[in-house]
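The lines below spell out each chain.
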Amino acid sequence: MSIRVRKVVVWRTEVENSPGTMARALEPLAEQDLDLVIGYQGAVIDIAPVVGRTATTAAKRAGFTPLPTSMILVEGENHPGVCFTAARALGVAE
């Protein structure tokens, strides 16, 4: 499988740190195709990508806002060194 590298905007919300809160925060986005969902201990949730009017409306309705900085999303078969290989290729592409 090849490696796919793309720039995405991460959307974030802060929620109460209690059982079930993450599921409630993601419920309005249940029909969206999210590649990244990260929950942090401080009750912060990041999602990406949010693409299109429907996804944007759902994310805003759920309390998510886009972060001011984009990130690089690396997708592919997981094996030792895959992220290093992608980072090296990005460095050469400057």
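So, how was this worked out
Residues numbered from 1 in each chain as written. Predicted model: local features only at pLDDT ≥ 70, side-chain atom pairs only at ≥ 80, totals over all residues. Heavy atoms only, no water. Helix = DSSP H or I, 4+ residues; strand = E, 2+ residues; numbered from the N terminus. Buried < 20%, exposed > 50% of the residue type's maximum accessible area, 1.4 Å probe, protein only. Areas by Shrake-Rupley, 256 points an atom, 1.4 Å probe, with all protein chains shown as cover. Lys, Arg positive; Asp, Glu negative; His and termini not counted. Charge placed at Lys NZ, Arg CZ, Asp CG, Glu CD. pLDDT = per-residue confidence, 0-100. Contact = heavy atoms within 4.5 Å.

### Some details on the overall build of the protein
And step 1. Helix and strand content of the protein: three helices and four strands.
And step 2. For the protein, the spread of C-alpha atoms along the principal axes amounts to about 40 × 30 × 25 Å.
And step 3. Looking at the protein residue by residue over its 94 residues, the buried ones come to 28%.
And step 4. In the form shown here, the protein has an accessible surface area of approximately 6500 Å², with 54% of it arising from carbon and sulfur atoms.
And step 5. Charge centroids of the protein, computed over 9 positive and 10 negative side chains, lie 7 Å from each other.

### A look at the confidence of the model for the protein
And step 1. With 97% of its residues at a pLDDT of 70 or more, the protein shows a mean pLDDT of 89.
And step 2. Across the protein, strand β3 (residues 44-48) holds the top mean pLDDT of 96, while helix α3 (residues 82-92) sits lowest at 81.

### Some words on the side chain of Thr21
And step 1. Within the secondary structure, Thr21 is located in helix α1 (residues 21-26).
And step 2. Given the relative accessible area of 9%, Thr21 is considered buried.
And step 3. Those residues in contact with Thr21 that sit more than four places away from it in its chain are Val15 and Glu16.

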